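So you can see what is in the structure, the chains are spelled out below.
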Amino acid sequence: MAEIQKYGATAKWLHWLVAFIVILMLIFGPGLEDLPLSEREQIIMVHSGLGTLVLILMLIRWPWRLTHDVPGPADTMGVWQTRLSKIMHWSFYVLLVLQPIFGILQAMYITEYEVVAFGQIAYSSMAVDNEQVAKIFHIAHGVNGKLLTVLVLGHFAATFYHHLWQKDNVLRRMLPFGKVSADLR
Ligand code: HEM
Ligand code: HEM
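So, here's what we can say about the structure.

Criteria and thresholds
Residues numbered from 1 in each chain as written. Chains lettered and ligands numbered in written order. Predicted model: local features only at pLDDT ≥ 70, side-chain atom pairs only at ≥ 80, totals over all residues. Helix = DSSP H or I, 4+ residues; strand = E, 2+ residues; numbered from the N terminus. Expected span 1.5 Å × (residues − 1). Bend = angle between axes of the 7 residues up to and from the residue. Contact = placed C-beta atoms within 7 Å. Near = placed C-beta within 6 Å. Nonpolar A, V, L, I, M, F, W, Y, C, P; charged D, E, K, R; others polar. Buried ≥ 20, exposed ≤ 12 C-beta atoms within 10 Å, placed from the backbone. Core = buried A, V, L, I, M, F, W, Y, C linked by C-beta atoms within 7 Å.

### Notes on helix H2 (residues 37–66)
The end-to-end C-alpha distance of H2, which contains 30 residues, comes to 42 Å, matching closely the 44 Å that a straight helix rising 1.5 Å per residue would cover. Remark: the principal bend of H2, roughly 30°, maps to Ile43. Tucked inside the fold, the buried residues of H2 contact helix H1 (9–28), helix H3 (79–109) and strand E1 (116–117).

Structure, rendered in C-alpha cells:
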C-alpha cells in the first residue's frame, strides 16, 4: 500500500479548528483575572463554552488519531527530530484534555462568580463552593496553560524550521489546500 502523503480532511479540520480556538484562549485567558467580576462572568461564559468544545473535539480526535494512518516522518528528519516531534504531538493531546478538565473543576468549586458555559451548562451548580479546591484547580489551569503556550510556540517554530530551512512537505501536508511535492516527503 502506498504511504500517505498528507493529512486527511478530518485531521485537518480538527487540527485547525482546535488550533484557532486554543490560540485565542491562550492570548485572552491571562487577562481575565484583571476584569471586574460582572464582566468576567460574561466573558467566562464564552471562554468555558469554547473550552468545553475543545474537550469534546479532543475526545473525538484522540481515538480517531489512534485508529487512522497519518503521514510518516519527513525524509529530512533524523531519529531525534522524529522522536521529538512525536513527544511534542502527544504532549498536545495530554495537555489539551487536561486544560479544559482543570477549567471545569475550577468552575465547579469557584466562589467568586457563576461559570455557565455558553449560558447553558451551569458548572458552578455541580458542586458545593470551596475556595481551597477552586484555588488548586485555578493554579493547575494556569500552569497547564503556560505549558501549552510554550508547546504552541515550539510547535510554531518547528513548523517554520521545516518549511523555510528544511524545505520539506511538513507544513504543506497540514494546510487546508496544501499541495505536496511528489519528489520529497
Ligand atoms: C483548551 C481549553 C482552555 C484554555 C486554552 C484555557 C485557557 C485559560 C487561561 C490561559 C487562563 C488564564 C490562567 C491564568 O493566567 O492564571 C484561563 C482562566 C480561566 N479559565 Fe480557562 N481555558 C480553557 C478551558 C476552560 C474551561 C472548559 C473552563 C470552565 C468550564 C475554564 C475556566 C476558566 C476560569 C474560571 C478561569 C479563571 C478566570 C479568573 O481568573 O477568574 N477554562 N483559562
Ligand atoms: C498557526 C499555528 C500552527 C501551525 C502553522 C501548525 C502546523 C502544523 C503542522 C504542519 C503539523 C503537521 C506535522 C507533521 O506532519 O509532522 C501539525 C501537527 C499538529 N499540530 Fe499544529 N500547527 C499550529 C498550531 C497548533 C496548535 C495551536 C495546536 C494545539 C492546540 C496544534 C497541535 C498539533 C498536533 C496535536 C499535531 C499532530 C497531529 C497528529 O499527527 O495527530 N497545532 N501542526
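### A look at the site of ligand 1
Taken together, 27 residues sit near ligand 1, with Gly29, Ser48, Gly51, Gly103 and Gly142 positioned nearest. Broken down by secondary-structure element, the contributors of at least two residues to the shell around ligand 1 are H1, H2, H3 and helix H4 (131–166). Of the residues in the shell around ligand 1, the class split is 14 nonpolar, 11 polar and two charged.

### Section: the environment of Leu35
Within the secondary structure layout, Leu35 lies in the loop between H1 and H2. What makes Leu35 partly exposed here is the crowd of 13 C-beta atoms within 10 Å. Dropping the residues within four chain positions of it, Leu35 is found in contact with Arg40 and Ile43.

### Examining the site of ligand 2
Looking at ligand 2, there are 20 residues lining it, with Ala19, Val22, His89, Phe92 and Met174 nearest. With five residues, H1 is the single largest residue contributor to the shell around ligand 2. Taken together, the residues that form the shell around ligand 2 break down as 13 nonpolar, five polar and two charged.

### Points about H3
For H3, spanning 31 residues, the distance from its first C-alpha to its last is 45 Å, which sits close to the expected 45 Å at 1.5 Å a residue. Regarding H3, the residues found buried are Phe92, Leu96, Gln99, Pro100, Phe102, Gly103, Ile104, Leu105, Gln106, Ala107, Met108 and Tyr109. Residues of H3 that are buried make contact with H1, H2 and H4.

### Side note on the nonpolar core
Residues Leu105, Ala107, Met108, Tyr109 and Tyr123 are the most contacted members of the largest nonpolar core, which totals 13 residues. Those elements that place two or more of their residues in this core are H3 and H4. The biggest single contributor to this core is H3, with six residues. With six residues, the next largest nonpolar core counts Val22, Val54, Met58 and Phe92 among its residues.

### Comments concerning unusual backbone geometry
One non-glycine residue, Phe118, lies in the positive phi region at around 50°. Within the secondary structure, Phe118 is located in the loop between E1 and strand E2 (121–122). Non-glycine residue Lys167 carries a positive phi angle of around 50°. Inspection of the secondary structure puts Lys167 in the segment after H4.

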